[in-house]
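Here is how the chains run, residue by residue.
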Amino acid sequence: MARARKTVTFLASPRLHGRGYVQQGERRAADYLRQRFAALGLQPLALGYFQPFTLDVNTFPGRLRLRVGRQQLRPGADFIAAPGSGPGQLRGQPIQLDTLIFTDEAAGQRFLSAPLEGRIVVLRQRDAERLRTLPDVFAQRVAEAAARIELVPAKLTASLAPEQAEQVQVQVLAARWPATPAPVELAVEARLQPAYPTQNVVGVVRGAVQPDSFVVVTAHYDHLGRMGRRAYFPGANDNASGTALLLELAAHYAQPANRPRYSVAFLAFGAEEAGLVGSRYFVAHPLLPLDRIRFLINLDLEGTGQAGATVVNGKVHEREYQLLERLNAAGGHLPALAPRGRAANSDHYPFSEAGVPAFFLYLRGTPTYYHDVFDRAETLPLSGFAGLFKLVVAYCQRLEHPL
Ligand SMILES: [Zn+2]
């Protein structure tokens, strides 16, 4: 546990810049992983353990400022750039979207006759969604504004985009926005990185009895990177935790005393947060025969666990799920398991779609920080980490010895 905790702390530290596409954060994380793989003596599945690929991704490497009235808002905590925001610098009195346009035709006509070029538009997130219920010209008009400020009710949740709009787009916590209109100063440095080179990190422990049959353990190591010069997304739960668990499983199977009968492959994926890019690439360019994978276990969000684990595909592979339940009950590893159907929510999905039997196990509990600047190592309990480790080892052992 001490080593796992250290791994999570390192991966989530500012030195890795949020493991994204600013300051080569993802590459630093990948270099660290291949060092760990090499130290364990894993066999590389590709030259230097790296399977390279590229992606288009929008980034926020530099200046990110938002001032409203006299108040300077904090990037990350009070506001974030929307994933596809363009770059720009603006100041002026913003225009609040008139919500009468949703109910009153005359208000709609007034809105459509007033051009928004060069202006800063402010709208609530739910009105942004409601815009889609109106004729397209309304959304087009909003898109013509130089900047768009969306007020988000509960929490800021960041993500990545493969393209960049012309418009400057930010999301602000509604509680931080003044009740009375105030002038705005906004500066966003956004850089679209076309064909940014990144990588999956891939190794294997060869099986002693059936080396051409595989159990595969996967976890994504990338995260969302930086949000301006100071703020970054640590991604401790998502997914330094799963990466640390993958490394602990690799350390276990790399010991001669634990040599598995089947080969066990360890795939640490890049660019999951950009839309499962690394795992999709692996499935399209497999480094081991997909039809020789007996089972795949994907690890993502493994930092809590007080409430047990959810098993995606548990309702698809019922017999295997029953086995998992029995092993968990017998060993008392996790407080509870809950099965789910299919879900495209992590790296197991491209494999499942290609016919590879797979579970995605994620732990449930607190804290629930997700895709924000608060997902830090310091507050991550790792309550279910050891239990999940034991459950996965027990499950893999039973796969090798079918009844
Ligand atoms: Zn994740």
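Residues numbered from 1 in each chain as written. Predicted model: local features only at pLDDT ≥ 70, side-chain atom pairs only at ≥ 80, totals over all residues. Heavy atoms only, no water.

1. Describing the coordination of the zinc ion
And step 1. Here the zinc ion is held by the protein donor atoms H220 (NE2), D238 (OD), D300 (OD) and D300 (OD), which lie 1.9 to 2.7 Å from it.
And step 2. Classification of the site at the zinc ion rests on its four donor atoms, whose angles at the metal span 50 to 142°, yielding the label irregular.
And step 3. Here the donor residues for the zinc ion map to a single chain with the spacing H-x17-D-x61-D. You can see H220 sitting in strand 13 (residues 210-220) and its partner D238 sitting in helix 6 (residues 236-254), a full 18 residues away along the chain.
And step 4. Residue classification places H220 among the buried residues on the basis of a relative accessible area of 0%.
And step 5. Among the residues examined, D238 registers a relative accessible area of 2% and is labelled buried. (Donors = N, O, S within 2.8 Å, 3.2 Å for Na, K, Ca; no water. Tetrahedral: all angles 85-135°; square planar, octahedral: opposite > 155°, others 65-115°. Helix = DSSP H or I, 4+ residues; strand = E, 2+ residues; numbered from the N terminus. Buried < 20%, exposed > 50% of the residue type's maximum accessible area, 1.4 Å probe, protein only.)

2. Brief notes about unusual backbone geometry
And step 1. With an omega of 0°, the peptide bond running from D238 to N239 counts as cis.
And step 2. By the element assignment, N239 lies in helix 6.
And step 3. Positive phi, close to 80°, is recorded for N313, a residue that is not glycine.
And step 4. Take N313: it is sitting in the loop between strand 18 (308-312) and helix 8 (318-331).
And step 5. Looking at N313, the relative accessible area reads 4%, which means it is buried.

3. Details of the domain arrangement of the chain
And step 1. When its domains are assigned, the chain resolves into domain 1 (2-59 + 194-400) and domain 2 (64-188).
And step 2. The C-alpha-based centres of domain 1 and domain 2 are spaced at 36 Å.
And step 3. Interface area for domain 1 against domain 2, summed over the two sides, is near 1,200 Å², with a carbon-plus-sulfur share of 63%.
And step 4. With a closest N to O distance of 3.2 Å, K155 and D372 form a salt bridge.
And step 5. Inspection of the region where domain 1 meets domain 2 yields seven residue pairs in polar contact (both at pLDDT 80 or more).
And step 6. Of all the elements, strand 2 (residues 50-59) adds the most residues to the side of domain 1 that touches domain 2, at three residues.
And step 7. The residue inventory of the side of domain 1 that touches domain 2, partitioned by class, reads 10 nonpolar, four polar and three charged. (Domains from an automatic or database assignment. Buried area = accessible area lost by both parts, 1.4 Å probe. Salt bridge = Lys/Arg side-chain N within 4 Å of Asp/Glu carboxyl O. Polar contact = N/O pair within 3.5 Å; in protein donor to acceptor, adjacent residues only side chain to side chain. Nonpolar A, V, L, I, M, F, W, Y, C, P; charged D, E, K, R; others polar.)

4. Overview of the packing of helix 1 (residues 2-11) against helix 6
And step 1. Put simply, helix 1 and helix 6 touch, their axes get as near as 9 Å, and they point 140° apart. The pairing of helix 1 with helix 6 is recorded here as oblique in orientation. For the pair helix 1 and helix 6, the crossing hand works out as right-handed. On helix 6, the residues touching R3, A4, T7, V8 and L11 of helix 1 are A236, A240, S241, T243, A244, L247, E248 and A251.
And step 2. For the contact of helix 1 with helix 6, a count of residues per class yields eight nonpolar, three polar and two charged. (Axes fitted to C-alpha atoms, helices over the stretch in contact; angles between N-to-C directions. Parallel < 35°, antiparallel > 145°, perpendicular 65-115°, else oblique. Left-handed = near helix turned anticlockwise from the far one by under 90°. Contact = heavy atoms within 4.5 Å.)

5. Quick word on the sheet that holds strand 4 (residues 71-73)
And step 1. Strand order in the open sheet formed by four strands is 4-3-11-6, with antiparallel pairing between adjacent strands. Each of the sheet's edge strands pairs with one partner strand only, and the pair in question is strand 4 and strand 6 (88-92). Strand-to-strand twist in this sheet, taken as the mean axis angle between neighbours without regard to direction, amounts to 15°.
And step 2. Sheet topology places strand 6 next to strand 11 (residues 184-188); five bridges connect them, and they run antiparallel. If you follow G88 over to strand 11, its bridge partner there is V188. (Pairing = 2+ DSSP bridges.)

6. Quick look at the pairing of strand 3 (residues 64-68)
And step 1. Only one face of strand 3 is buried: it carries L64, L66 and V68, and the other face, with R65 and R67, is open.
And step 2. Relative to strand 11, strand 3 runs antiparallel, the two sharing five bridges. Residue R67 lies in a different strand from strand 11, and its bridge partner there is E185.
And step 3. Direction of pairing for strand 3 relative to strand 4: antiparallel, over a ladder of three bridges. In the sheet register, V68 faces strand 4, and the bridge partner there is Q71.

7. Remarks on the environment of F385
And step 1. With respect to the helices and strands, F385 occurs in helix 10 (residues 385-400).
And step 2. When the C-alpha atoms of F385 and L55 are compared, they prove to be 32 Å apart, with 330 residues separating the residues in sequence.
And step 3. In contact with F385, other than residues within four places in its own chain, are M1, A4, S241, A244, L245, E248, E302 and L363.

8. Details of the nonpolar core
As a rule of thumb, nonpolar side chains are buried together in soluble globular proteins.
And step 1. One finds V201, F266 and Y395 to be the most contacted residues of the largest nonpolar core, which totals 57 residues.
And step 2. Top element by residues in this core is helix 6. It accounts for nine residues.
And step 3. Setting aside chain neighbours within four positions, we find Y395 in contact with F295, I297, E320, L323, L324, L327 and F359.
And step 4. Counting 39 residues, the second largest nonpolar core, distinct from the first, contains L156, V188, A271 and V373. (Core = buried A, V, L, I, M, F, W, Y, C linked by side-chain atoms within 4.5 Å.)

9. Things to note about the packing of aromatic side chains
And step 1. Taken as a whole and assessed by the stated rule, the structure comprises 13 aromatic pairs.
And step 2. With 4.8 Å between their ring centres and 65° between their planes, F295 and F359 make a pair best called edge-to-face. Residue F295 is found in strand 17 (residues 293-299), and its partner F359 is found in strand 20 (residues 358-364); the two are separated by 64 residues along the sequence.
And step 3. The class of F295 is buried, set by a relative accessible area of 2%.
And step 4. A relative accessible area of 0% means that F359 is categorised as buried.
And step 5. What links up through ring pairs into an aromatic cluster is the set F269, F282 and F351. (Phe/Tyr/Trp six-rings, centres within 6.5 Å; stacked < 30°, edge-to-face > 60°.)

10. Some words on the packing of helix 3 (residues 105-113) against helix 5 (residues 136-144)
And step 1. Helix 5 packs onto helix 3 with a crossing angle of 40° between their chain directions and a minimal axis gap of 10 Å. Taken as axis vectors, helix 3 and helix 5 run oblique relative to one another. Here helix 3 and helix 5 pass one another in a crossing that is left-handed. Where helix 3 approaches helix 5, its residues G108, F111, L112 and S113 are matched on the opposing element by V137, F138, R141 and V142.

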